[in-house]
Amino acid sequence: MLEFLNISHSYNKQKILNDFSMKLEYGEVVSLLGPSGCGKTTLLKLASGIEKLQNGEIKLNNEIVSSPNIHLNTEKRDVGYVFQDCALFPHLTILQNIFFGMTSIEIEKQKNKIESLMKEINISRLSEKYPHELSGGQQQQVALVRAMASDPKIIFLDEPFSNLDSRLKEKIRDQMLHILREHNISALLVTHDPEEAMFMSDKIGILNNGSIEQFGSPIDLYLRPKSAFIAEFFGEINVFEGIVEDGSVNTVLGTFKCPNKFNNKKVKIVIRNEAINVFAENKLNLKKYKQPEFVTSPYFGYVMEARLLAGSTLVHLSLKVNQSNFHIHAKIPGLNFFNTNEKVFVSSDPSQIFVFKQ
Ligand SMILES: Nc1ncnc2c1ncn2[C@@H]1O[C@H](COP(=O)(O)OP(=O)(O)OP(=O)(O)O)[C@@H](O)[C@H]1O
Ligand SMILES: [Mg+2]
């Protein structure tokens with residue numbers, strides 16, 4: 001459906017994209033994640049034809065649409081685009097914005113679909129208003145409908161839900177996903193929110209230093225991150241350093257098995273917050289803490305603070321080892337109460353622990 005092949009692109013001699021390649025199959029939703037300024041919007045601009053490509057090739061439906069010698073205009077690419085800043089025309093009403101650039105025959109053809117889309121996301125009442133009369137979130141919803149208006153085969157979404165409150169965001173992205181599936185539309189979504197990427201996507205690509213650091217299914221990236229950089233994208237992590245000896249490495253949280261190839265090497269050990277279990281220190285919990293599938297810490301933790309998040313508790317722990325003090329974050333499911341300075345058992349789930357060569 002969409003293929004980026006060895007894309008390199010610079011602004012003012014500064015290389016932004018460096019040999020970037022990625023493929024999106026027909027009907028797929030693919031998310032692009034990456035630090036601010038790494039070139040995500042640039043990729044969408046190149047794919048939609050807003051920006052001319054300097055090096056490489058972009059194919060849409062097996063046809064080269066961008067290369068140093070070829071540039072197919074945006075209108076001819078059959079793509080929809082939701083810009084990072086929405087970019088509605090201020091002098092046109094919402095309905096005029098949605099149908100902008102379409103012939104009356106095209107409008108007639110799409111009218112019913114647009115009306116039902118607007119109804120579905122509850123913005124029908126805004127049809128005759130002007131963009132300045134709408135909130136940022138409402139403008140984003142209009143931009144989403146506008147991107148679908150011309151029946152594109154693929155849409156590019158640049159942080160399309162960033163201005164919505166979290167409840168509305170959940171609702172709209174759910175509706176969006178069903179609309180995309182129902183109409184068999186592919187989508188390339190740029191987001192900063194890993195949960196959103198996991199919720200929406202068949203595949204996720206993570207950009208770093210101008211090219212793809214890892215590309216795969218959400219589960220692949222979550223369970224088999226290739227680097228600490230990738231692991232960190234899916235939630236807060238604790239990082240330790242150590243040297244592997246005889247296939248294992250010692251940390252303040254316990255001894256973890258490592259592949260033998262790391263023997264005698266300095267490694268970075270990444271432990272997700274949600275991999276760490278915290279139990280109040282008592283006989284009853286001793287059994288839970290000692291469960292063979294967990295790696296147990298030889299040290300007690302002391303609770304610095306415990307905060308309730310939605311559906312989980314974030315516990316700030318201090319583990320004192322000799323003269324050093326390790327500050328660790330554990331995220332445990334449900335509502336849990338701990339007192340400040342409470343002594344706790346700490347164990348970790350080894351399936352959520354990753355070791356990388358330094
Ligand atoms: N038209 C331009 N002229 C010069 N530099 C540009 C231009 N557009 C983007 N850049 C630069 O290219 C880099 C990548 O920009 P881009 O907008 O693609 O980042 P991004 O990954 O979308 O970031 P964010 O997550 O903040 O939206 C940035 O350093 C930016 O300053
Ligand atoms: Mg951007």
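What counts, and where the lines are drawn
- Residues numbered from 1 in each chain as written.
- Chains lettered and ligands numbered in written order.
- Predicted model: local features only at pLDDT ≥ 70, side-chain atom pairs only at ≥ 80, totals over all residues.
- Domains from an automatic or database assignment.
- Contact = placed C-beta atoms within 7 Å.
- Nonpolar A, V, L, I, M, F, W, Y, C, P; charged D, E, K, R; others polar.
- Pairing = 2+ DSSP bridges.
- Helix = DSSP H or I, 4+ residues; strand = E, 2+ residues; numbered from the N terminus.
- Axes fitted to C-alpha atoms, helices over the stretch in contact; angles between N-to-C directions.
- Buried ≥ 20, exposed ≤ 12 C-beta atoms within 10 Å, placed from the backbone.
- Expected span 1.5 Å × (residues − 1).
- Arc of directions from axis to C-beta.
- Near = placed C-beta within 6 Å.

Looking at the domain arrangement of the protein
Here is step 1 of the chain: Split into domains, the protein comes out as domain 1 (2-231) and domain 2 (236-357).
Here is step 2 of the chain: Taking only C-alpha atoms into account, the centre of domain 1 sits 39 Å from that of domain 2.
Here is step 3 of the chain: At the interface, 4 residues of domain 1 touch 6 residues of domain 2.
Here is step 4 of the chain: Broken down by class, the residue content of the side of domain 1 that touches domain 2 amounts to 3 nonpolar, 1 polar and no charged.

A look at the sheet that holds strand β3 (residues 29-33)
Strands belonging to one sheet form pairs held by backbone hydrogen bonds; the direction of such a pair is parallel or antiparallel.
Here is step 1 of the chain: Taken in spatial order, the 6 strands of this open sheet run β6-β7-β8-β3-β9-β10, and their pairing is mixed. The open sheet has two edge strands, β6 (79-82) and β10 (211-216), and neither has a second partner. If you compare each strand with its neighbour and ignore which way they point, the axes differ by 15 degrees on average.
Here is step 2 of the chain: Sheet strands in contact with helix α4 (residues 136-149) are β6 and β7 (154-158), and its direction is about 170 degrees off that of β6.

Considering unusual backbone geometry
Here is step 1 of the chain: Even without being glycine, N61 reaches a positive phi, approximately 50 degrees.
Here is step 2 of the chain: Relative to the elements of secondary structure, N61 occurs in the loop between β4 (55-60) and β5 (63-66).
Here is step 3 of the chain: Of note, N184 is a non-glycine position whose phi angle comes to about 55 degrees, a positive value.
Here is step 4 of the chain: With respect to the helices and strands, the residue N184 is situated in the loop between α5 (166-182) and β8 (186-190).
Here is step 5 of the chain: Judged by the 9 C-beta atoms lying within 10 Å of it, N184 is exposed.

Regarding α5
Here is step 1 of the chain: For α5, which comprises 17 residues, the first-to-last C-alpha distance of 24 Å matches the rise-based estimate of 24 Å (1.5 Å per residue) to within 8%.
Here is step 2 of the chain: Within the sequence span of α5, burial applies to I172, R173, M176 and L180. An end-on view of α5 places all buried positions within 100 degrees of arc, on one side of the element. Facing away from the buried side of α5 by over 90 degrees, the exposed positions are R167, D174, H178, R181 and E182.
Here is step 3 of the chain: Its buried side turned inward, α5 meets β3, α4, β8 and α6 (194-200).

Considerations on the site of ligand 1
Here is step 1 of the chain: Within the structure, ligand 1 sits among Y11, N12, I16, G34, S36, G37, C38, G39, K40, T41, T42 and Q84.
Here is step 2 of the chain: Residue contributions to the shell around ligand 1 peak at 3 residues, all from helix α1 (residues 40-48).
Here is step 3 of the chain: Of the residues that constitute the shell around ligand 1, the class distribution is 3 nonpolar, 8 polar and 1 charged.

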